[in-house]
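Reading the structure
So the chains spell out like this:
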Amino acid sequence: LLFRLSKNHSINKIREWYLISFEELTQVKKPITKLEIIDFKNTIENIYNRHSTTLITISKGLHELHNENKISDIEAPQIQAFLNKFHKNRTEIRILLEHYLSFFEKSKGTNFIGIINLESDIQSILNNVINNIQLICDTNAINLHLNDIIILDMQNKVLIPTIDHYLYYILFEILKNSVEAIRYKSNPLIKITIKEIDEEWILIKINDNGDGIKEIH
């Protein structure tokens with residue numbers, strides 16, 4: 001682990017989880033019989049569940065290090081680069097684990113292969129995102145009516161093969177940032193463009209009339 005990350009209890013706990021999981025994977029037998037397949041599935045499920053709170057735990061550790069002034073301005077960019085790589089690898093591994101485990105569950109329908117929805121409706125996912133962000137605004141007394149602020153530019157219904165909940169969280173984080181950016185504007189506006197570029201590419205573009213990131217950041 002980089003710098004002082006290994007000195008933090010919360011982050012060290014994550015390291016221990018990975019060591020345990022690696023040991024379990026190297027010790028489990030290659031599944032051949034039905035019982036071995038079930039045993040392998042249980043091992044994968046235990047590993048998947050063990051790491052479910054990783055993001056919360058690592059955030060807690062970084063918060064503790066920050067409060068203790070143990071992260072300098074010089075170290076911060078290198079730690080951020082390390083965390084970006086870590087989160088990318090973690091996401092890839094969890095997709096594989098979740099995809100494998102999904103084959104032991106009841107099928108979600110003919111449009112699904114594991115966790116992949118072959119005909120995911122982008123607009124439907126986007127509507128869920130908008131509704132949930134509106135709920136957050138209402139709960140926190142933020143006087144914004146997103147249906148009046150958001151303009152959707154989409155000529156045709158767009159269906160794509162994707163993992164629904166991953167696309168949901170990506171759109172949620174981006175749109176949440178846009179809502180925060182226009183929160184105090186007198187004429188708030190968010191425009192969402194969804195467009196098929198060709199058979200392989202879909203454009204999802206979110207623009208807002210916020211002031212952007214301040215130079216100090």
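For the structure, check the block above.
Residues numbered from 1 in each chain as written. Predicted model: local features only at pLDDT ≥ 70, side-chain atom pairs only at ≥ 80, totals over all residues. Heavy atoms only, no water.

So, on to a nonpolar patch on the surface. On the surface, a nonpolar cluster with roughly 440 Å² of combined accessible area is contributed by Ile37, Phe103, Phe104, Ile113 and Leu118. Take Phe104: it is sitting in the loop between helix H4 (75-102) and strand S1 (112-113). Among the residues examined, Phe104 registers a relative accessible area of 39% and is labelled partly exposed. (Patch = residues over 30% accessible without salt bridge, like charges linked within 9 Å, V, L, I, M, F, W, Y side chains within 5 Å. Areas by Shrake-Rupley, 256 points an atom, 1.4 Å probe, with all protein chains shown as cover. Salt bridge = Lys/Arg side-chain N within 4 Å of Asp/Glu carboxyl O. Helix = DSSP H or I, 4+ residues; strand = E, 2+ residues; numbered from the N terminus. Buried < 20%, exposed > 50% of the residue type's maximum accessible area, 1.4 Å probe, protein only.)

This part covers the sheet that holds S1. The strands making up a sheet are joined through hydrogen bonds of the backbone, oriented either antiparallel or parallel. Spatial ordering of the open sheet is given by S1-S2-S4, a layout of 3 strands whose pairing is antiparallel. Strands with a single pairing partner mark the edges of an open sheet, and in this sheet they are S1 and strand S4 (159-162). Strands S1, strand S2 (116-121) and S4 of the sheet are contacted by helix H7 (residues 164-181), whose axis makes an angle of about 105 degrees with S4. (Pairing = 2+ DSSP bridges. Contact = heavy atoms within 4.5 Å. Axes fitted to C-alpha atoms, helices over the stretch in contact; angles between N-to-C directions.)

Our focus in this paragraph is helix H5 (residues 122-139). For H5, built from 18 residues, the straight-helix expectation of 26 Å at 1.5 Å per residue is met to within 8% by its first-to-last C-alpha distance of 26 Å. Of the residues that open H5, the one with a side-chain oxygen 3.1 Å from the backbone nitrogen of Gln123 is Asp121. Just downstream of H5, Ala141 is the residue with a positive phi angle, here 55 degrees. (Expected span 1.5 Å × (residues − 1). Polar contact = N/O pair within 3.5 Å; in protein donor to acceptor, adjacent residues only side chain to side chain.)

Spatially, S3-S5-S6 is the arrangement adopted by the 3 strands of the open sheet, whose pairing is mixed. Looking at strand neighbours, the two that pair on one side only are strand S3 (150-153) and strand S6 (202-208), the edges of this open sheet. Taking each pair of neighbouring strands and ignoring which way they run, the sheet shows an average axis angle of 10 degrees. As paired elements, strand S5 (residues 190-196) and S6 share 7 bridges and run antiparallel to each other. Among the inter-strand pairings, Lys191 is bridged to a residue of S6, identified as Asn207. Strand contacts of H7: S3, S5 and S6, with the helix running at about 20 degrees to S6, the strand carrying the most contacts.

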